[in-house]
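Residue-level listing of the chains:
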Amino acid sequence: MKNFDINEDPHRRFNPLINEWVLVSPHRAKRPWQGQNEKIHTDTLPEYDHTCYLCPGNVRANGETNPKYESSFVFENDFAAVKQEPILFEEEIKPTFFMAKPERGIARVVCFSPRHDLTLPEMELPAIETIIRTWQKEYTDLGSVDYINHVQIFENKGSVMGCSNPHPHGQIWAQSSLPTQVEKTQNSLKAYFDKNQSNLLLDYLKEELALQERIVIENEHFVALVPFWAIWPFETMIISKRHITKITEFTSEEVSAYASILKVLTIKYDNLFEISFPYSSGIHQAPTDGEDHPEWQFHMHFYPPLLRSASVKKFMVGYEMMGEAQRDITPEKSAAVLKAQPEVHYKSK
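(A) Quick look at the sheet that holds strand β14 (residues 326-327). Strand order in this open sheet of three strands is β1-β2-β14, and the pairing throughout is mixed. Strands with a single pairing partner mark the edges of an open sheet, and in this sheet they are β1 (11-15) and β14.

Structural data, given as structure tokens:
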């Protein structure tokens, strides 16, 4: 019987944030790839596109005209997944096979820049700081609505992630319930805090900084790392070093540091395969239910789908859908590859 090698042998890793396991199969990374190759769009985008419904001055699908905005711009989503109107629902929700209840919420779009051709890694730091301040304002404004208990800030980048418009933008969905993944995280963070009287992610970050095995970027206020339990090939997480429960608690220095780490991390992503790297990213922070949440720690997830090259994508199918999440390349290897990428964008070389 051979000794276990975490870099070579199949094993499971535990994700304490959502109380789930992931299967890691590093030996499979050596197999030849004969599967799906994605079509990569490398067209050069114009600074302004008259057909784009997010560009300044253009008409959106609902007939409204965008202002001639010069920085970030927020508007109510024309095709919102949730609605603001209250719905009368008198039926008692019973624990049956057919439980359902209305969900009330607000959905908004955040245009990052008036430039149609820019993404986060190519923006100047002051422009990214403006986006962060926009997120802060939206978290405050939406979170103050009496029926809103959670504000989800996220970005889908790239057509492979279902993004239908290349104009740099993100979304905010605010709703009355905690979404499933957030509720799992809330339960795990609260259970850990109640048991240990300390913060799960801060304790985890302390150990990661000591090991230095999965750290990609570190500055004075934030760390970007590949989580020990990462599912996606080049998944990363940004964690604040100070105990911060929500984005509105940032100091001005932390806003600048957050902008910097966002820019450097997304530059490294673009440099990996020298393309505009697709991903879904999202901020996790305290609910807006009016309660204190010392168990929460501000963090941001990046879930990129690409695996071996610009055209080879990781699929969540088969075992992943029927059993549990699985990955081939180890988080340590992914962290090393990302860390080695230069901090200057490949287009600037």
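(B) Highlighting helix α1 (residues 125-143). Over its 19 residues, α1 runs 27 Å from end to end, which matches the ideal 27 Å to within 8%, given 1.5 Å per residue. Among the residues of α1, Ile-128, Glu-129, Ile-131, Ile-132, Thr-134, Trp-135, Gln-136, Glu-138, Tyr-139, Leu-142 and Gly-143 are the ones counted as buried.

(C) Seen up close, the packing of α1 against helix α4 (residues 252-273). At a minimum axis distance of 9 Å, the contact between α1 and α4 shows a crossing angle of 115 degrees. The chirality of how α1 crosses α4 is right-handed. Seen from α1, the contacting residues are Leu-125, Ile-128, Glu-129, Ile-132, Arg-133, Trp-135 and Gln-136; seen from α4, they are Val-255, Ser-256, Tyr-258, Ala-259, Ser-260, Leu-262 and Lys-263.

(D) View of the pairing of strand β8 (residues 222-225). Residues Phe-222 and Ala-224 of β8 are buried on one face, and the alternating residues Val-223 and Leu-225, pointing to the opposite face, are buried as well. Connecting the antiparallel pair strand β7 (residues 215-218) and β8 is a turn made up of three residues. Sheet topology note: the β8/strand β9 (residues 236-240) ladder contains four bridges and is antiparallel. Within β9, the residue paired with Ala-224 across the bridge is Ile-238.

(E) Structural detail: the packing of aromatic side chains. Under the definition given, this model contains 17 aromatic pairs. Measuring from ring centre to ring centre gives 6.2 Å for Phe-112 and Trp-135, while their planes differ by 80 degrees; the resulting arrangement is edge-to-face. Here Trp-135 lies in helix α1 and Phe-112 lies in the loop between β4 (105-111) and α1, a separation of 23 residues in the sequence. For the residue pair Phe-112 and Trp-135, the accessibility class agrees, reading buried in each case. With a centroid separation of 6.3 Å and 35 degrees between ring planes, the pair formed by Tyr-269 and Tyr-279 is classed as tilted. Note that Tyr-269 is positioned in helix α4 and Tyr-279 in strand β10 (residues 279-284), a separation of ten residues in sequence. Judged by relative accessible area, which is 1%, Tyr-279 ranks as buried.

(F) Structural detail: the pattern of salt bridges. Counted under the stated rule, the structure contains 20 salt bridges. Among the ionic pairs, Arg-60 bridges to Asp-78, the shortest N-O distance being 2.9 Å. With Arg-60 in the loop between β2 (20-24) and β3 (73-76) and Asp-78 in the loop between β3 and β4, the pair connects residues that are 18 residues apart, well separated along the chain. For Asp-78, a relative accessible area of 23% corresponds to the partly exposed category. Each of the salt bridges in this network shares a partner with another, and the network as a whole consists of Arg-13, Glu-208, Glu-213, Arg-214 and Glu-332.

Cut-off values and rules
- Residues numbered from 1 in each chain as written.
- Predicted model: local features only at pLDDT ≥ 70, side-chain atom pairs only at ≥ 80, totals over all residues.
- Heavy atoms only, no water.
- Pairing = 2+ DSSP bridges.
- Helix = DSSP H or I, 4+ residues; strand = E, 2+ residues; numbered from the N terminus.
- Expected span 1.5 Å × (residues − 1).
- Buried < 20%, exposed > 50% of the residue type's maximum accessible area, 1.4 Å probe, protein only.
- Axes fitted to C-alpha atoms, helices over the stretch in contact; angles between N-to-C directions.
- Left-handed = near helix turned anticlockwise from the far one by under 90°.
- Contact = heavy atoms within 4.5 Å.
- Phe/Tyr/Trp six-rings, centres within 6.5 Å; stacked < 30°, edge-to-face > 60°.
- Salt bridge = Lys/Arg side-chain N within 4 Å of Asp/Glu carboxyl O.

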